[in-house]
Amino acid sequence: MPEPSSAAPPETTAAIDPAPPAPPASTASPAPSQPAAAESTPAPPASGDHPLVEASALKTLLGPYRSGGVETLVDPEWLRQARRRRRDLGETMRAFDFETAQQRLPAADECFISRKIDGEFTCLAYRDGACLSLNPGGTVRIGAPFLDEAAARLKAAGVRSALLGGELYVRRSDGQRPRVHDVTRVARNPASQAEVDSLCFAVFNVYELDGQDPSGRYADALEAAQRLFAGGNRVQVVETVRGDRQRVFQQYRQWVEQEGAEGVVTRSDSSGIFKIKPRHSLDLAVVGFSEGIDDRTGLLHSLLVAIPTDADSFQIVGRVGGGFSDELRASLLTLLNQRLVASDYVEVNSDQVGYRMVEPGLVAELSCLDVVSRTSLGSTIDRMVLDWHGSERRWEGVRRLPLCSLISPQFVRLRDDKQARPEDLRLSQLSDITEIPELERNAAELRLPASTVLERAVATKVLKGATLVRKLLLWKTNKETLSSDHPAYVLHITDYSPNREAPLNHEIRVSSSEEQIRQFFAEWQAKAFVGGWKVVGKVAG
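Each chain has its residues counted from 1, running along the sequence as written. Thresholds applied to this predicted model are a pLDDT of at least 70 for local features of residues and 80 or more for the giving and counting of side-chain atom pairs; totals over whole chains, interfaces and linings are not thresholded and use all residues. With hydrogens and water excluded, all non-hydrogen atoms of the structure serve as input to the side-chain values.

## A short note on the overall build of the chain
Here a strand is any run of E in DSSP of at least two residues, a helix any run of H or I of at least four, and the numbering for each starts at the N terminus. Across its full length, the chain holds ten helices and 29 strands. The proportion of buried residues among the 541 residues of the chain is 52%. Across the chain, the fraction of contacts at a sequence separation of at least 24, relative to all contacts at a separation of at least 6, is 70%. Throughout this description, buried means an accessible area under 20% of the type-specific maximum (1.4 Å probe, protein chains only), exposed means over 50%, and partly exposed covers the range between. Residue contacts are defined here by distance: any two heavy atoms, one from each residue, within 4.5 Å place the two residues in contact.

Shown next as structure tokens:
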């Protein structure tokens, strides 16, 4: 019997940038840039001795540098705070490209303009003379020199407790700007002490200082950060200037266009927080499309696009519904309807209309404002991997693996000069912009195991000359530890009666407990197979 396949949930229309804005400063703050001479920092706590974590439960990566999960935290409130602050940033910050910003950025008498650091959003927690770093995904780190430096600074200032928001980044020895994939690699698996030493922290907000929260008025938070970390080496305040709307555009031209920075962040207590970045250009394979509804019937709604990972393997990246004229929507719909193929995988658009899958071949050039690989809580953004069976002209869903989301994607054109193959559409288009977790994992090698049928029972009943059928099927998915899409156990009942207005009914139950699901099976069987029903087939496992 074919295994049930899960339809993909509707995609959200936007994703949250995992690298929140760098906070502004009343006066220009030094930019985290070239390597500086190492400062002397206090010796790290002895092995297993750290007041903020169960240090013995952390994994030693290199020397005193260790990392681990949230279960090692002495105070789990830090994780809740890190996730809340990250979520608040995502909800309040708007992203523009430069052209859009010139049209829509609101005027403000004064705003704080910061150079955007391409790093990993991180909170730094301090108490009892010790520091740790924590990201919303729950990764805890101790023992790095930047943490020792932060602890020494805060202790010397008489601070008792603090929670700081900032970007964890790598200060590159070649003088180039930091990239998020640099910090991902170095923070997780440093190859040398020099790489651990290159980890730096750019403070952009102060969320708690000795029991007070100065972040409600940004000028106060920034002043506190500058007072504590002025002249720092591995811990600095993001480069920030004050100015009006025109100063924002001047800084963009200087920092981004001339110096190659990732972008600028501007914030004002009155007008809000805005991120301004260049748009990225991507070439992706078209694997599906959906049609508009109501008065948009007959027009393309959106394209489903993917990146080829092998000759006949593609991973969904997302959808694009902007950048089309109505004339183009009509002509593309006609073209795509000529390329329809079968698929056991179903995904729906924002109108809950299913995408119709097409044979691979068309390549679309898109532009997008950003590419992000994690949610606001630090979870991976998992996308379905599809196998293309050309001889059968059909798509097969394999499994979800971490990939990314596109922010504000826009259709540019179809590329007749490229083919939907890895040589033309490289995965590095995405991984050069954002860190893709578990990039080397191969979906074909990680194909999910087959389910195991535990119990099956079929009963029939003849009523008014018609045969009624009820079927119970209980199976173990064998996938629950490998994919969040699958529960451990599934119980499905099929109820067929040709005399009803709706002849076929289904009901389903899931559970993580075999004892519980077998109890459900027994209860359903006792309820459904009485009153003239005759069991005609049964399998017990």
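## Observations concerning helix α10 (residues 514-528)
By this rule, a helix spans an expected 1.5 Å times one less than how many residues it contains. A rise of 1.5 Å per residue sets the reference length of α10, with its 15 residues, at 21 Å; its end C-alpha atoms lie 21 Å apart and thus fit the reference within 8%. Residues of α10 that are buried in the fold lie against β25 (452-463), β26 (466-476), β27 (489-496), β28 (504-511) and β29 (534-540). The backbone nitrogen of Glu-515 has a side-chain oxygen 3.4 Å away, supplied by the residue at the start of α10, namely Ser-513. Pairs of N or O atoms are called polar contacts if they sit within 3.5 Å, as long as, within protein, a hydrogen donor faces a hydrogen acceptor (for residues adjacent in sequence, only side-chain-to-side-chain pairs).

## Let's talk about unusual backbone geometry
Non-glycine residue Asp-294 carries a positive phi angle of around 55 degrees. Note that Asp-294 resides in the loop between β14 (280-291) and β15 (300-310).

## Focus on the side chain of Ser-290
Relative to the assigned elements, Ser-290 resides in strand β14. Take Ser-290: its relative accessible area is 0%, and that puts it in the buried class. Each residue touching Ser-290, except ones within four places of it in the same chain, is listed here: Leu-300, His-301, Ser-302, Asn-349, Val-353, Gly-354 and Tyr-355.

## Notes on the sheet that holds strand β4 (residues 111-115)
Pairing is mixed in the open sheet, where five strands are placed in the order β3-β13-β12-β4-β11. On the outer flanks of this sheet lie β3 (93-96) and β11 (240-243), each paired with one strand and no other. Geometrically, the sheet is characterised by an average inter-axis angle of 25 degrees between neighbouring strands, direction not taken into account. Angles run from 0 to 180 degrees between N-to-C directions of axes, and those axes are lines fitted to C-alpha atoms, restricted for helices to the stretch in contact. Against the sheet, helix α1 (residues 77-92) engages β3, β12 (264-268) and β13 (272-276), with an angle of about 50 degrees to β3. One requirement defines pairing of two strands: DSSP has to find at least two bridges between them.

## A look at the sheet that holds β28
The strand order across the open sheet built from five strands is β28-β27-β26-β25-β29, with neighbouring strands paired in antiparallel fashion. Only two strands of the sheet have a single neighbouring strand rather than two, namely β28 and β29. With direction set aside, neighbouring strand axes in the sheet form an average angle of 10 degrees. Bridge count for β27 against β28 is eight bridges, and the pairing is antiparallel. Bridge pairing links Thr-494 to His-506 in β28. On the sheet, α10 packs against β25, β26, β27, β28 and β29 and is oriented at approximately 15 degrees with respect to β27.

## What to know about the environment of His-492
With respect to the helices, strands and loops of the structure, His-492 is situated in strand β27. Owing to a relative accessible area of 17%, His-492 belongs among the buried residues under this scheme. Apart from residues no more than four positions distant in its own chain, His-492 is found in contact with Lys-471, Leu-472, Leu-473, Trp-475, His-506, Glu-507, Ile-508 and Trp-524. Within the local environment of His-492, its side chain forms a polar contact with the side chain of Thr-494, the two groups lying 3.4 Å apart. At 3.2 Å, the side chain of His-492 forms a polar contact with the side chain of His-506.

## Description of empty space enclosed by the protein
The method works on a 1 Å grid over the protein atoms by themselves. A cavity is a set of points holding a 1.4 Å probe that cannot get out, a pocket is an open set with protein on both sides within 12 Å along at least five of seven lines, and residues with an atom within 4 Å of a point line them. Grid points are joined across faces, edges and corners, and a volume is the space filled by probe spheres set on the points. Under the counting rule described, the total for this entry stands at one cavity of 30 Å³ or more. By volume, the largest cavity amounts to about 70 Å³. Taken together, 13 residues line the largest cavity, and the ones lying closest to its centre are Leu-105, Pro-106, Cys-111, Thr-266 and Ser-271. With three residues, β12 is the largest single contributor of residues to the lining of the largest cavity.

## Digging into the pattern of salt bridges
Definition used for salt bridges: Asp or Glu carboxyl oxygen within 4 Å of a side-chain nitrogen of Lys or Arg. As enumerated under the stated definition, the model contains 35 salt bridges in all. Of the charged contacts in the structure, one is a salt bridge between Arg-127 and Asp-75, with a shortest N-O distance of 3.1 Å. Within this pair, whereas Arg-127 is found in strand β5 (residues 120-127), its partner Asp-75 is found in the loop between β2 (65-68) and α1, the two being separated by 52 residues in sequence. Residue classification places Arg-127 among the partly exposed positions, given a relative accessible area of 28%. A salt bridge links Glu-223 to Arg-227; the nearest nitrogen and oxygen atoms lie 2.9 Å apart. Remark: Arg-227 and Glu-223 occur in helix α6 (residues 218-229); sequence separation between them is four residues, near one turn of the helix. Glu-223 gets classed as partly exposed once you look at its relative accessible area, which sits at 39%.

## Here's the deal with the packing of aromatic side chains
Side-chain rings of Phe, Tyr and Trp (the six-membered ring for Trp) are treated as a pair once their centres are within 6.5 Å; stacked means planes under 30 degrees apart, edge-to-face means over 60, and tilted covers the remaining angles. A complete count under the given rule lists nine aromatic pairs for this structure. Aromatic side chains Phe-98 and Tyr-252 sit 4.5 Å apart centroid to centroid with 10 degrees between the ring planes, which places their arrangement in the stacked category. Of this pair, Phe-98 sits in helix α2 (residues 98-104) while Tyr-252 sits in helix α7 (residues 245-258), placing them 154 residues apart in sequence. Each member of the pair, Phe-98 as well as Tyr-252, carries the same accessibility label: buried. Measuring from ring centre to ring centre gives 6.3 Å for Phe-146 and Phe-201, while their planes differ by 20 degrees; the resulting arrangement is stacked.

## Points about the pairing of β12
Residues in a regular strand point their side chains to alternate faces of the sheet. Counting buried positions over the five residues of β12 gives five, a clear majority of the element. Both faces of β12 are covered, namely the face carrying Val-264, Thr-266 and Ser-268 and the face carrying Val-265 and Arg-267. As paired strands, β4 and β12 are joined by four bridges and run antiparallel to one another. Counted as the bridge partner of Ile-113 is Thr-266 from β12. In terms of strand pairing, β12 meets β13 through five bridges, oriented antiparallel. Paired with Val-265 across the two strands is Lys-275, which belongs to β13. With antiparallel pairing between neighbouring strands as the criterion, β12 and β13 make up a hairpin whose turn holds three residues.

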